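Topology and contacts: notes
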Amino acid sequence: MKEKKSLLKNPSFQSILTSLICIVLGLFIGFIVLLLINPAGAGEAIKTILLNFLTRASAAAQMKALGNTLAKTAPLRMCALSICFCYKVGLFNIGAPGQYEAGACIGLYAALAWHCNWVICLLLAALAGAVVGSISGALKAYRNVNEVISGIMLNWIGLYTVNILLTN
């Protein structure tokens, strides 16, 4: 006779439960921060955050707000996915912001200066981020440089390079 496994010991359920606990904990910490900033408006602010899409007048407005949110958070989600990939292979990618900056800079420059199609801009941005990430990877593989240190340094190099390129 097969013994039934507890729901709490199911890895899928644990993953979902962990995510929900993180969301609730994040909302609670956000509420505490809002209370410290403006105690009078903290309740209304957290209510607006929780009911964000439901406060719109029509279903079309709700879907438009959801689409705008998804579009604005896409770069953050892509950075999170890149970091998750590194964690899975046993590395620590603190260079994701620099890779994002390099990609955003090249994509923006290609769009504004060269008038490229958005697909070309997206591919150039991904290529630029991959090049910056590969520098840190090559330093780790061939010179055994700590990926945290090289990632932090490349973040600053990327930041100042982007500032120079976009201001001149």
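One can find the structure itself at the top, above this paragraph.
Below is a short write-up of the structure. In this text, all values refer to a predicted model and were calculated from it rather than measured experimentally. (Residues numbered from 1 in each chain as written. Predicted model: local features only at pLDDT ≥ 70, side-chain atom pairs only at ≥ 80, totals over all residues. Heavy atoms only, no water.)

1. Section: the layout of surface pockets
Each pocket or cavity is described by its volume, and for the largest pocket that value is around 720 Å³. Forming the walls of the largest pocket are 26 residues, and the residues nearest its centre are Met78, Ser82, Gln99, Tyr100 and Gly129. At the level of secondary structure, the elements contributing two or more residues to the lining of the largest pocket comprise helix 3 (59–88), helix 4 (96–112), helix 5 (118–143) and helix 6 (147–167). At 9 residues, helix 5 tops the list of elements feeding residues into the lining of the largest pocket. A breakdown of the residues in the lining of the largest pocket according to their chemical character gives 14 nonpolar, 10 polar and 2 charged. (1 Å grid on protein atoms, 1.4 Å probe; cavity = no way out; pocket = protein on both sides within 12 Å on 5 of 7 lines; lining within 4 Å. Points joined across faces, edges and corners; volume = space filled by probe spheres on them. Helix = DSSP H or I, 4+ residues; strand = E, 2+ residues; numbered from the N terminus. Nonpolar A, V, L, I, M, F, W, Y, C, P; charged D, E, K, R; others polar.)

2. Section: the pattern of salt bridges
Scanning all chains against the criterion turns up 1 salt bridge. Between Glu147 and Lys140 there is a salt bridge, with its nearest N and O atoms 3.2 Å apart. You can call Lys140 partly exposed: its relative accessible area is 30%. (Salt bridge = Lys/Arg side-chain N within 4 Å of Asp/Glu carboxyl O. Buried < 20%, exposed > 50% of the residue type's maximum accessible area, 1.4 Å probe, protein only.)

3. Side note on the packing of aromatic side chains
In this structure the tally under the stated criterion is 2 aromatic pairs. Ring plane angle 85 degrees and centroid distance 5.4 Å describe the contact between Tyr109 and Trp114, whose orientation is recorded as edge-to-face. On the accessibility criterion, Tyr109 (39% relative accessible area) is partly exposed. Plain terms: the ring middles of Trp156 and Tyr160 are 6.0 Å apart, the flat faces sit at 25 degrees to each other, and that makes the pair stacked. Placement of both Trp156 and Tyr160 in helix 6 is noted, with a separation of 4 residues, approximately one turn of the helix. (Phe/Tyr/Trp six-rings, centres within 6.5 Å; stacked < 30°, edge-to-face > 60°.)

4. Structural notes on the environment of Leu81
Note on placement: Leu81 falls in helix 3. Residue Leu81 is classed as exposed on the basis of its relative accessible area, which comes to 55%. Put simply, Leu81 and Ala45 are 36 residues apart on the chain and 29 Å apart in space, counted from C-alpha to C-alpha.

5. Some points on the environment of Phe31
Note that Phe31 resides in helix 1 (residues 11–37). Residue class for Phe31 comes out partly exposed when judged on its relative accessible area of 26%. Between the C-alpha atom of Phe31 and that of Lys47, which follows or precedes it by 16 residues, the distance is 9.9 Å. With sequence-adjacent residues up to four places away left out, Phe31 is seen in contact with Ala42, Gly43 and Ile46. (Contact = heavy atoms within 4.5 Å.)

6. Observations concerning a nonpolar patch on the surface
Together, Leu25, Phe28, Ile29, Ile32, Val33, Leu35, Leu36 and Ile37 give the surface a local cluster of nonpolar side chains, amounting to about 780 Å² of exposed area. Tracing the backbone shows Phe28 in helix 1. (Patch = residues over 30% accessible without salt bridge, like charges linked within 9 Å, V, L, I, M, F, W, Y side chains within 5 Å. Areas by Shrake-Rupley, 256 points an atom, 1.4 Å probe, with all protein chains shown as cover.)

7. Concerning the packing of helix 4 against helix 6
Each pair of packed helices can be summarised by the angle the axes make with each other and by the distance between the axes. Packing of helix 4 against helix 6 leaves a shortest axis separation of 8 Å and a crossing angle of 20 degrees. For the element pair helix 4 / helix 6, the angle class is roughly parallel. Of the two elements, helix 4 crosses helix 6, and the hand of that crossing is left-handed. Of the residues in helix 6, those in contact with Ala96, Pro97, Gly98, Glu101, Cys105 and Leu108 of helix 4 are Asn155, Gly158, Leu159, Val162, Leu165 and Leu166. Tallied by class, residues from the contact of helix 4 with helix 6 come to 8 nonpolar, 3 polar and 1 charged. (Axes fitted to C-alpha atoms, helices over the stretch in contact; angles between N-to-C directions. Parallel < 35°, antiparallel > 145°, perpendicular 65-115°, else oblique. Left-handed = near helix turned anticlockwise from the far one by under 90°.)

8. Comments concerning the state of the cysteines
Inspection of every chain in the model, using the stated rule, returns 0 disulfides. Left unpaired, Cys22 is separated from the closest cysteine sulfur, that of Cys84, by 12 Å. Cys86 takes part in no disulfide bond, and the closest cysteine sulfur, belonging to Cys84, lies 9.4 Å away. (Disulfide = S-S within 2.5 Å.)

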